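# Residue-level structure breakdown
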Protein chains: 2
Amino acid sequence: MIMSENKKGNLISVRDDLKVVDATVRDGGLVNNFRFTDEFVKDLYETNIAAGVDYMEFGYKASKKIFPEEDFGKWKFCDEESIRGIVGDNDSDLKISVMADVGRTDMDTILPKSESVVDIMRTATYVYQIPSCIEMIENFHNKGYETSANIMAVSTASDGDLDQALELLGKSSVDVIYLVDSFGALYPEDIRRLTAKYLEFGEKYNKKIGIHAHDNQQLAFANTIESMIMGTSYLDGTVRSLGRGAGNCALETLLGFLKNPKYDLVPLLNFIEKHMVKLHNDGLVWGYDVPYLLTGRFNCHPRTAIAFMKEKRTDYAKFFQETYDQDN
Amino acid sequence: MIMSENKKGNLISVRDDLKVVDATVRDGGLVNNFRFTDEFVKDLYETNIAAGVDYMEFGYKASKKIFPEEDFGKWKFCDEESIRGIVGDNDSDLKISVMADVGRTDMDTILPKSESVVDIMRTATYVYQIPSCIEMIENFHNKGYETSANIMAVSTASDGDLDQALELLGKSSVDVIYLVDSFGALYPEDIRRLTAKYLEFGEKYNKKIGIHAHDNQQLAFANTIESMIMGTSYLDGTVRSLGRGAGNCALETLLGFLKNPKYDLVPLLNFIEKHMVKLHNDGLVWGYDVPYLLTGRFNCHPRTAIAFMKEKRTDYAKFFQETYDQDN
């Protein structure tokens, strides 16, 4: 049996360390500037509770000194009262997550955990920002939050830099370290190699490992479960893959896969019928398309592909050359 | 390094045994009753040559005694003159494939290879039809064709039956034995287990192994390359995943992945711009959607999901219950 010595669990077993993280409002917010209706967010909150999802990410804690409030929906900022407007005191087993970008967060606005319904502060960082990231993490940790470091665009990091980053994070107070394939550039074989590395540091320093995948090459779900099989515990998904560019691991495929009876696909199906069909019919565009394949393949940021889609271009071969040029 | 002892090749090596099979007209024909324009098929033929694709499958050799000609486009039947109308004498390196279903083929109409431009006859069979399949294969083989046995719906076959089928095929004249995930039910872990089994028989009897995946759970590309890494040689894809239900491994993802410089993604991008955008805009519906996830998840034929999509239903939770009931 292949990989048997590297596997955690099998196709019919249950692993209690697994945590499903719904990042729909946060990553999907990058598609619609965080302009979700309260009904959408409230229904998603109740859906996640009913479906047994472990964490729901509401958005970013972006600094209002950097981003004008009028340009975005409220989930770009995730004010305490915005979240409480949906969850009250969150009298449920679902934990509340928000994301803080290194260099884009006003740390003075972060309440102590005792005054907040937020459970986990996830810090999004590039490898070269790790010292700043750790400063933020220690701040969040000291305020009482669970924390994660989400190392973005790991497909562009050198092995040496990544080792150093993982070593520094290992010695920090962070609880979870995420493998983030921001560009959707990684194949399952890459994911296994990187997961092994993350787990090595995770086991050394007693940190949980998470994965956040993008679907540029139609590999987000596969990469997520391949990483999980090896021992990754925190699994990000978004409903119907709603997320930047090609989107993410579809939460419905993930819940369909997991064998723990606490997870229930049916509430999610009802949510998709009520909300996601409408988003699509109203003209919101996301999900796999050829330009995202190309930026993933060339291991670069999807911003040019997003612009290509917005302009309703279909000259894919020309875009291939543009992307190739940009990459070289 | 994980799986190192089981791997054939790595992410930057080239394997000369690899063959890319474009099954767009054949599997896509199941979506539009094989009603492709001659321009579409001719352009695809020229695209495949330019892209370095190894085989192009033109359709089925369906019996006109069973299927009324007026109900289908000509690629349901693949008359010799229909194919020659596109390829002439096929003065190219691209090989021509057609598929013959067990029990649905009029064997008297199969010309000797010396009178045909067809190179490979692929026989589609269920496990329980293997004796009939082998009879057809010996007929094709004696007529001078390369042959394959495509064992459909392998996700529903017992290990014992599959072992017997592979043993019988091993002793036959067949050249290639295919692992076919008709229902899109298999996870990469299943694919690795089954691929190991197929390769065991393939090595024992000197047969090549192929894979044909469906995208019900967004795993078609991942399953294809995971099987390939272990040693599978014949890789089916369809342009933009066009194929029954959720469709297939997208040919563009596959060509983007393969490192052999003979493969060129750019001609395929031009074809997608010219033809696939139009098919989509004209209202042809295919590709991943929630009902296909559910039939894949329940390991059953996608026909109920296809009907659901045709009726433009969106009551996914009800369909979940219907599929569950049907499955039990």
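Residues numbered from 1 in each chain as written. Chains lettered and ligands numbered in written order. Predicted model: local features only at pLDDT ≥ 70, side-chain atom pairs only at ≥ 80, totals over all residues.

### Here we look at the overall build of chain A
Note the following rule: Segments assigned H or I by DSSP are reported as helices when at least four residues long, segments assigned E as strands when at least two residues long, and all are numbered from the N terminus. Think of it as a crowd count around each C-beta: if 20 or more other C-beta atoms lie within 10 Å the residue is buried, if 12 or fewer it is exposed, and in between it is partly exposed, with C-beta placed from the backbone throughout.
Counting secondary structure elements, chain A contains 12 helices and 8 strands. Overall, the C-alpha framework of chain A stretches about 55 × 50 × 45 Å when taken along its three principal axes. Counting across all 328 residues of chain A, residues that qualify as buried make up 53%.

### Re the pairing of strand 1 (residues 19–22) of chain A
Which entries qualify depends on this criterion: Strands pair, by our definition, only if DSSP identifies at least two bridges between them.
Where strand 1 of chain A lies against strand 8 (residues 234–237) of chain A, 4 bridges are found, and the strand directions are parallel. Counterpart to Val20(A) in the pairing with strand 8 of chain A is Leu235(A).

### Comments concerning the sheet that holds strand 8 (residues 234–237) of chain B
Strands belonging to one sheet form pairs held by backbone hydrogen bonds; the direction of such a pair is parallel or antiparallel. Residues and elements named next belong to chain B. How we decide: Under this scheme, a helix contributes an axis fitted over its contacting stretch, all axes are lines through C-alpha atoms, and angles between N-to-C directions fall in the 0 to 180 degree range. Residue pairs qualify as contacts under a 7 Å threshold applied to their C-beta atoms, which are placed from the backbone.
Pairing is parallel in the closed barrel, where 8 strands are placed in the order 1-2-3-4-5-6-7-8. Neighbouring strand axes in the sheet, compared pairwise and without regard to direction, differ in orientation by 25 degrees on average. The sheet contact formed by strand 7 (residues 208–212) and strand 8 spans 2 bridges and is parallel. Pairing of isoleucine 211 across the sheet is with leucine 235, part of strand 8. Against the sheet, helix 6 (residues 188–205) touches strand 6 (176–180) and strand 7, its axis set at about 170 degrees to strand 6.

### Notes on the interface of chain A and chain B
The extent of an interface is frequently quoted as the accessible surface area lost upon association of the parts. To keep things clear, this is the line we draw: We call Asp, Glu, Lys and Arg charged. Ala, Val, Leu, Ile, Met, Phe, Trp, Tyr, Cys and Pro are nonpolar, and the rest, Gly among them, are polar.
Contacts between chain A and chain B engage 37 residues on the former and 37 residues on the latter. Of all the secondary-structure elements, those providing two or more residues to the side of chain A that touches chain B are helix 6 (188–205), helix 7 (220–230), helix 8 (251–257), helix 9 (265–281), helix 10 (290–297) and helix 12 (316–327) of chain A. Among the elements that take part in the side of chain A that touches chain B, helix 9 of chain A stands out by supplying 7 residues, more than any other. Of the residues belonging to the side of chain A that touches chain B, the class tally is 23 nonpolar, 7 polar and 7 charged.

### Some words on the sheet that holds strand 4 (residues 120–125) of chain A
Residue and element names in this part refer to chain A. Spatial ordering of the closed barrel is given by 1-2-3-4-5-6-7-8, a layout of 8 strands whose pairing is parallel. On average, adjacent strands in this sheet sit at an angle of 25 degrees to one another, irrespective of strand direction. Bridging between strand 5 (residues 146–151) and strand 6 (residues 176–180) involves 4 bridges; their strand directions are parallel. Counted as the bridge partner of serine 148 is valine 176 from strand 6.

### Let's talk about the domain arrangement of chain A
All names here are of chain A. What counts here: Note that domain bounds follow an automatic or database assignment of domains.
According to the domain assignment, chain A contains domain 1 (15–281) and domain 2 (290–327). Centre-to-centre separation of domain 1 and domain 2, based on C-alpha positions: 25 Å. With 10 residues of domain 1 at the contact, the number on the domain 2 side is 11 residues. When grouped by side-chain class, the residues that make up the side of domain 1 that touches domain 2 number 3 nonpolar, 6 polar and 1 charged.

### Some remarks on the environment of Ala62(B)
Residue and element names in this part refer to chain B. Within the secondary structure, alanine 62 is located in the loop between strand 2 (55–60) and helix 3 (80–87). Spatially, the C-alpha atoms of alanine 62 and arginine 244 are 17 Å apart, while their sequence positions differ by 182 residues. Ignoring sequence-local partners within four residues, the contact set of alanine 62 consists of Phe67, Lys76, Phe77, Asp101 and Arg104.

### Some words on the nonpolar core
To keep it simple, the criterion reads: Working definition: the nonpolar core is a set of buried Ala, Val, Leu, Ile, Met, Phe, Trp, Tyr and Cys residues, joined through C-beta atoms within 7 Å.
Grouped together as the largest cluster of nonpolar side chains are 210 residues, with contacts concentrated most on Ile177(A), Tyr178(A), Leu268(A), Ile177(B), Tyr178(B) and Leu268(B). Excluding anything up to four places from it in sequence, Leu268(B) contacts Thr47(B), Ala51(B), Val239(B), Leu251(B), Glu252(B) and Leu255(B).

### A few points about helix 9 of chain A
Every α-helix carries 3.6 residues per turn, so stepping three or four residues along brings you back to the same face. All names here are of chain A. Note the cut-off: Expected span, for any helix, means 1.5 Å times one less than how many residues it has. One axis is fitted to the seven residues ending at the residue and one to the seven starting there. The bend at that residue is the angle between these axes.
Helix length check: helix 9, at 17 residues, gives a terminal C-alpha distance of 23 Å against a target of 24 Å (1.5 Å per residue), a fit within 8%. The sharpest bend along helix 9 comes to roughly 40 degrees, located at isoleucine 272. What helix 9 keeps buried is the set Leu265, Leu268, Leu269, Phe271, Ile272, His275, Met276 and Leu279.

### Examining the environment of Leu30(A)
Its location among the elements puts Leu30(A) in helix 1 (residues 24–32). Here the alpha-carbon distance between Leu30(A) and Phe72(A), two residues 42 residues apart in the chain, equals 9.9 Å.

### Some points on the relation of the copies chain A and chain B
Heads up, the condition is: To superpose the copies, least squares is applied to the C-alpha atoms of every residue with a pLDDT of at least 70 in both.
It takes a turn of 180 degrees to lay chain A on chain B, together with a shift of 0.0 Å along the axis; the resulting RMSD is 0.0 Å. Considering both components of the superposition, the chain copies are consistent with a two-fold axis. Same-surface contact between copies: 100% of interface residues of chain A are shared with the interface of chain B.

### Some thoughts on helix 5 (residues 159–170) of chain A
Residues and elements named next belong to chain A. Where we set the bar: What the arc describes is the spread of directions from the helix axis to the C-beta atoms.
A rise of 1.5 Å per residue sets the reference length of helix 5, with its 12 residues, at 16 Å; its end C-alpha atoms lie 16 Å apart and thus fit the reference within 8%. Restricting attention to buried positions, one finds in helix 5 the residues Ala165, Leu166 and Leu169. One face of helix 5 carries all of its buried residues, which in axial projection span an arc of 95 degrees. On its buried side, helix 5 packs onto helix 4 (130–143), strand 5, strand 6 and helix 6.

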